[in-house]
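Observations on the three-dimensional arrangement
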Amino acid sequence: MADTALTVPLRSPLAQVADRLAAATRSSGGAIRLAELPFLAQLNVRLDAKGAAAAAVGLALDLQLPLQPNTVVRAGELTALWLGPDEWLLVGPPGSERELESRVREAAGDEHVSVTDVSAQRTTLLVTGPRAQNLLAHGCPLDLHPRAFGSGRCAQTTLGRTQVVLVARDEPRAGFWVLVRSTFAGYLADWLLDAATEYL
C-alpha cells in the first residue's frame, strides 16, 4: 500500500518575521542581534532530584541536572534548565527529541519519571550584542545586570507581558535565549523589534 500521508515542510513560528529580525540586526550596527533558533528539541523532565533516577539520567545524558534554583548546565549541544525542585527543561539540537526521551526513560528504569516533549510548544529567540541586556530590560521585571542574572542563569518570567523562559547564555558575549510559546512568538518578536528602534 502506498504511503499517502502528506508531508508538509516545517515552518517555524517566526518564519514570517525572519527578514525583519535580520534587518534590525544589520541596522543596529552591531548593538543587537535578533534571530530565531527554530525547532530546538525541548523536553520537560520531572523526577525526584534526590532519587536514583536523577543521577542515572545525568550519567546517560553526560550532563548533571542542575540542582540550584534558576541555573543552567550545558554539555556539548545539550542544555538543562532548572525550572523547579523536581522539574527541568532539556534543550537540544533539532530532531533529537525522541533520542533524548529514550535516554531519559531508559536511565530512569523503574524510578518514577515524567518526560514530555514540548518542542512544538515553544520557539527560541536569540538576543545578543552589547545592548541585549538593555533591550530586554525594557520589558522584563528581573534585574538583568550580570551580578544578578549572569551567565548560566535562567528564570521563568515575563517579557513585554509575555510569559517566557529567559536564559543568560554561558559563552562570552553569547547573550540570551528567550523561550516563548509559539502562539505568542509573533507578538514578542514585534515587541522586541519596536523596543530595538532606539538602537537602529
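The structure we're discussing is the one just above.
For clarity, every value in this text was computed on a predicted model and none was experimentally measured. Throughout, a residue's number is its position along its own chain's written sequence, starting from 1. Under the rules for a predicted model, residues below a pLDDT of 70 receive no local features and side-chain atom pairs below 80 are neither given nor counted, while totals for whole chains, interfaces and linings still include all residues. Each side-chain value is worked out from all heavy atoms of the structure, with water and hydrogens disregarded.

1. Some points on the side chain of Ser119
In this structure, Ser119 sits in the loop between strand E6 (113-117) and strand E7 (122-128). Here a polar contact is taken to be a pair of N or O atoms separated by no more than 3.5 Å, where protein atoms must pair a possible hydrogen donor with a possible acceptor and residues adjacent in sequence count only if both atoms sit in side chains. Of note is the side chain of Ser119, whose polar atom sits 2.9 Å from the backbone nitrogen of Gln42. Residue contacts are defined here by distance: any two heavy atoms, one from each residue, within 4.5 Å place the two residues in contact. Apart from residues no more than four positions distant in its own chain, Ser119 is found in contact with Leu40, Ala41, Gln42 and Glu97. Helix and strand labels come from DSSP, where a helix needs a run of H or I of at least four residues and a strand needs a run of E of at least two; each type is numbered from the N terminus.

2. Re helix H1 (residues 18-27)
Classification of residues uses two cut-offs on accessible area relative to the type maximum, computed with a 1.4 Å probe and protein chains only: under 20% is buried, over 50% is exposed, and between them is partly exposed. Every buried residue belonging to H1 is among Leu21, Ala24 and Thr25, and all of these are buried. What you see down the axis of H1 is that its buried residues fit within an arc of 100 degrees, all on one side. Relative to its buried face, H1 has exposed residues pointing more than 90 degrees away, namely Asp19 and Arg26. Buried-residue contacts for H1 involve strand E1 (33-37), E7 and helix H5 (182-195). Directions are taken from the helix axis to each C-beta atom, and the arc is the one they span.

3. Focus: the packing of helix H2 (residues 52-61) against helix H3 (residues 97-108)
Here an axis means a line fitted to C-alpha atoms, over the contact stretch when the element is a helix, while the angle between two N-to-C directions is reported on a 0 to 180 degree scale. It is the contact of H2 with H3, at a shortest axis distance of 8 Å, that shows an interaxial angle of 140 degrees. Considering the angle they form, H2 stands oblique to H3. Remark: the crossing between H2 and H3 carries right-handed chirality. Across from Ala53, Ala56, Val57, Ala60 and Leu61 in H2, the residues of H3 making contact are Leu100, Arg103, Val104, Ala107 and Ala108. By residue class, the composition of the contact of H2 with H3 is nine nonpolar, no polar and one charged. Roughly parallel covers angles under 35 degrees, roughly antiparallel covers those over 145, roughly perpendicular covers 65 to 115, and oblique covers all other angles. Each crossing gets its handedness from the near helix: less than a right angle anticlockwise from the far helix is left-handed, clockwise is right-handed. Residues were grouped as follows: Ala, Val, Leu, Ile, Met, Phe, Trp, Tyr, Cys and Pro as nonpolar; Asp, Glu, Lys and Arg as charged; and all remaining residues, including Gly, as polar.

4. Brief notes about the nonpolar core
Residues belong to one nonpolar core when they are buried, are Ala, Val, Leu, Ile, Met, Phe, Trp, Tyr or Cys, and are joined through side-chain atoms within 4.5 Å. If you look at the biggest cluster of nonpolar residues, it comprises 32 residues, and the most contacted ones within it are Leu135, Leu136, Leu159, Val178, Leu188 and Leu192. Here the element with the most residues in this core is H5; it accounts for seven residues. Residues Ala41, Leu43, Leu47 and Trp82 belong to the second largest nonpolar core, which totals 20 residues.

5. A few points about the side chain of Ser12
With respect to the helices and strands, the residue Ser12 is situated in the segment before H1. By relative accessible area, which is 10% here, Ser12 ends up buried. Separated by 2.7 Å, the side chains of Ser12 and Glu36 make a polar contact. If sequence neighbours within four positions are ignored, Ser12 has contacts with Glu36, Pro38 and Phe39.

6. Examining the pattern of salt bridges
By salt bridge we mean one thing: a side-chain nitrogen of Lys or Arg within 4 Å of a carboxyl oxygen of Asp or Glu. Evaluation of the coordinates by the stated rule reveals six salt bridges. Notably, a salt bridge pairs Arg46 with Glu87, separated by 3.9 Å at the nearest N-O pair. Placement of Arg46 in strand E2 (residues 41-47) and of Glu87 in strand E5 (residues 87-92) is noted, with a sequence separation of 41 residues between them. The closest approach of N and O atoms between Arg103 and Glu99, which form a salt bridge, is 2.9 Å. Taken together, the positions of Arg103 and Glu99, both in helix H3 and four residues apart, correspond to about one turn of that helix. Taking relative accessible area as the criterion, Arg103 reaches 27% and is therefore assigned partly exposed. Taken together, the shared-partner salt bridges connect Arg46, Asp86 and Glu87 into one network.

7. Here's the deal with the pairing of strand E4 (residues 78-84)
When you tally the buried positions in E4, you get seven out of seven residues, the bulk of the element. Note on pairing: two strands pair once DSSP finds at least 2 bridges between them. Across four bridges, the pairing between strand E3 (residues 72-75) and E4 is antiparallel. In the strand pairing of E4, Val73 is matched with Ala80. The antiparallel pairing of E3 with E4 creates a hairpin that spans two residues between the two strands, and Gly76 there sits at a positive phi of about 60 degrees. Both E4 and E5 contribute to a ladder of five bridges, which runs antiparallel. Paired with Leu81 across the strands is Leu89, a residue of E5. Taking the residues that link successive antiparallel strands as the turn, the E4-E5 hairpin has two residues.

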